[in-house]
Amino acid sequence: MTATALGLYLGSAREAGRLGRYGMVALMALLAVVTVGGQAFATSVPSRTALVADWLIFPTVVAALVFWLDRKRVAA
């Protein structure tokens, strides 16, 4: 589903430079690696405090990165 959404996104806007061309693809690849790695190498269940902090901080950071990368593209 992520690959399909990324393909639709990349087809709907043209890049405005190198970061606009490869940035979103690199971010999606990084998120996939972090997700799979986190699930594969977890040794114990995180504490409730760590989960809450992660649920609040991680989406905010990812949304900020996506917003910044999207500004590097121009509507087609």
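Everything quoted here is computed from the prediction, not taken from an experiment.

**A closer look at the overall build of the chain**
- Along the backbone of the chain there are three helices and two strands.
- If you list the helices and strands of the chain from N to C, you get α-β-α-α-β.
- Taken over C-alpha atoms, the radius of gyration comes to 15 Å for the chain, far larger than the 11 Å a tight globule of 76 residues would show.
- Overall, the chain is about 45 × 20 × 20 Å in size when its C-alpha atoms are taken along their principal axes.
- Considering only contacts within the chain whose residues lie at least 6 apart along the sequence, 85% involve residues at least 24 apart.
- Carbon and sulfur atoms form 69% of the exposed surface of the chain, whose accessible area is close to 6000 Å².

**Concerning the confidence of the model for the chain**
- Confidence in the prediction for the chain averages 87 pLDDT; 97% of positions are at 70 or higher.
- The element-level mean pLDDT for the chain is lowest in strand S2 (residues 73-75), coming to 73, with helix H3 (residues 48-70) highest at 92.

**So, a nonpolar patch on the surface**
- On the surface, Leu19, Val52, Trp55, Leu56, Ile57, Val61, Leu65 and Trp68 cluster together into a nonpolar patch covering about 800 Å² of accessible area.
- For the nonpolar patch, the element with the most residues is H3, which contributes seven residues.
- Mapping Ile57 onto the fold places it in helix H3.

**A word on the packing of helix H2 (residues 18-40) against H3**
- Where H2 contacts H3, the two axes come as close as 9 Å, and the packing angle between them is 160°. Taken as axis vectors, H2 and H3 run roughly antiparallel relative to one another. The crossing of H2 and H3 is left-handed. Contact residues: H2 offers Leu19, Gly23, Met24, Leu27 and Leu31, while H3 offers Phe58, Val62, Leu65, Val66, Trp68, Leu69 and Asp70.
- Across the contact of H2 with H3, the residue classes tally to 10 nonpolar, one polar and one charged.

Quick notes on the rules
Within each chain, residues carry numbers counting from 1 in the order of the written sequence. Given that the model is predicted, a residue must reach a pLDDT of at least 70 before its local features are reported, and side-chain atom pairs must reach 80 or more before they are shown or counted; all residues, however, enter totals for whole chains, interfaces and linings. Side-chain descriptors were evaluated using all non-hydrogen atoms of the structure, hydrogens and water having been removed beforehand. Here a strand is any run of E in DSSP of at least two residues, a helix any run of H or I of at least four, and the numbering for each starts at the N terminus. With C-alpha atoms as the basis for the radius of gyration, the globule rule is written as 2.2 Å multiplied by the number of residues raised to the power 0.38. Only heavy atoms enter the contact rule, under which two residues are in contact if any of them lie within 4.5 Å. Note on areas: these come from Shrake-Rupley sampling with a 1.4 Å probe, and a residue is covered only by the protein chains present in the view. Residue-level confidence of the predictor is what pLDDT reports, using numbers from 0 through 100. Residues with no salt bridge and a relative accessible area higher than 30% make up the patches, which join like charges within 9 Å and nonpolar side chains (Val, Leu, Ile, Met, Phe, Trp, Tyr) within 5 Å. Counted as salt bridges are all cases of a side-chain nitrogen of Lys or Arg within 4 Å of a carboxyl oxygen of Asp or Glu. All axes here are fitted lines through C-alpha atoms, helices being fitted over the stretch that makes contact, and every angle between N-to-C directions spans 0 to 180 degrees. Any angle that falls under 35 degrees is termed roughly parallel, while one over 145 is termed roughly antiparallel, one within 65 to 115 roughly perpendicular, and all others oblique. Crossing handedness follows the turn of the near helix against the far one: under a right angle anticlockwise gives a left-handed crossing, and clockwise gives a right-handed one. Throughout, the ten residues Ala, Val, Leu, Ile, Met, Phe, Trp, Tyr, Cys and Pro are labelled nonpolar, Asp, Glu, Lys and Arg are labelled charged, and all others, Gly among them, are labelled polar.

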